[in-house]
Amino acid sequence: MGSLFSRQQVPLLGVDISSSSVKLVELGRDKGGALVLECCAIEQLERGWITDGNIEKFDEVAEALRRVVKKSGTKTRNVALALPPSAVITKRISLPGGMTEQELEVQVESEANQYIPFSLDEVSLDFCVVGPSKNASGDVDVLIAASRKEKVQDRQGLAEAAGLKPVIVDIESHASRLAAGRLIEALPNRGVDAVVALFEVGAFTTSMQVIRNEDVLYERDQAFGGAQLTQLIVRQYGFSQEEAENKKRNGDLPEDYASAVLRPFVDSLAQEIGRALQFFFTSTPYHRVDHVMLAGGSAPLQGLTQAVTDGTGFACSIINPFEGMDVGGAVRLRKMAREAPSYLTSCGLAMRRFLQ
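Residues numbered from 1 in each chain as written. Predicted model: local features only at pLDDT ≥ 70, side-chain atom pairs only at ≥ 80, totals over all residues. Heavy atoms only, no water.

Structural notes on the packing of helix H8 (residues 257–283) against helix H9 (residues 304–312)
In step 1: At their nearest, the axes of H8 and H9 sit 9 Å apart, and the two run at 45 degrees to each other. Classed by the angle they form, the pair H8 and H9 counts as oblique. The two elements H8 and H9 meet at a crossing, and its hand is right-handed. Residue-level inspection shows Val266, Asp267, Leu269, Ala270, Ile273, Gly274 and Leu277 of H8 in contact with H9, the latter providing Leu304, Ala307, Val308 and Thr312. (Axes fitted to C-alpha atoms, helices over the stretch in contact; angles between N-to-C directions. Helix = DSSP H or I, 4+ residues; strand = E, 2+ residues; numbered from the N terminus. Parallel < 35°, antiparallel > 145°, perpendicular 65-115°, else oblique. Left-handed = near helix turned anticlockwise from the far one by under 90°. Contact = heavy atoms within 4.5 Å.)

In structure tokens form, the structure reads like this:
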């Protein structure tokens, strides 16, 4: 009988499919309710398999997803995936409070027609009640999200081709915010009123979100990422693209690499981050941030946090989304610690297990 009253939420994998890799995370809870990292794994993708969030090589990506599931050792088959923000239209609207789910649905559909430039037959539409409206007493704020059906079906098809069951399709930026929220709470005063600039440095794009009390003040993507470091290695040493990528990952580079290639790249990445912050300051009433958080594969580059602090004057740290979690026996600790900043989005997707 006890099991009826203490039912665990159904196990769920968080899978983040980016232009350079597939990342998988599974979380659980211990008896005291603390989060436990059950397993995590990364599988690299070749350049061009996914471009601008579009799956160009379906079979190859599905095979990589199969490999990452096998590598992780998980037996779980339910999966939460995400679409890039560019593939999703979101709109926050206010509606009268006290509506039934069905009434909300009808109202959302009629409102969605105004904001979505496609026929509603062509889109997957969803909504959630965010909470009471700040502007009108008795109203509620509702977040509408819509994406072209084929974008959603591509992600679902990938999961099914890898033997998984897609149960959630989220938005990458929402998932990364969910995972970062735990770390913001660890800041002084539990992060209340703190203005936090979250940068995810991907292979080709660096995305920025400025967050205060769970509200997004500003978002921006820049075409700058870790792939540019690979290009610099290719140019400097004459390696092939693949060789350069492998050597970068394994730290197997010539003696002058740090001074000739890495330091100039880190300086230019720090400048891009500083420039993005300036855009935020000129576009909003804000003129400072309390903390800069770095995630993504290039976040742990030697000297980057210091270069950002020196260039901006703001405290800067690298994100480990698993900080404060217990770690299951199947996880290789050193490897996980090295790759942790890459898992921000997949960790947020895995956390959806506990929000349903």
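Digging into the packing of aromatic side chains
In step 1: Within the structure shown, the criterion is met by seven aromatic pairs.
In step 2: Ring plane angle 35 degrees and centroid distance 5.8 Å describe the contact between Tyr237 and Phe239, whose orientation is recorded as tilted.
In step 3: Note on Phe322 and Tyr343: the rings are 5.6 Å apart at their centroids and 50 degrees apart in plane angle, and the pair reads as tilted. Remark: Tyr343 occurs in the loop between helix H10 (333–339) and helix H11 (344–351) and Phe322 occurs in the loop between strand E15 (316–318) and strand E16 (326–327); sequence separation between them is 21 residues. The same class applies to Phe322 as to Tyr343, namely buried.
In step 4: A connected cluster of aromatic rings, assembled from ring pairs, spans Tyr218, Phe280, Phe281, Tyr286 and Phe314.
In step 5: For the cation-ring pair, Arg29 lies above Phe354, with the distance from its terminal atom to the ring centre recorded as 4.3 Å.
In step 6: Note that Lys247 overlies the ring of Phe239, its terminal NZ or CZ placed 5.0 Å from the centroid. (Phe/Tyr/Trp six-rings, centres within 6.5 Å; stacked < 30°, edge-to-face > 60°. Buried < 20%, exposed > 50% of the residue type's maximum accessible area, 1.4 Å probe, protein only. Lys NZ or Arg CZ within 6 Å of the ring centre and 35° of its normal.)

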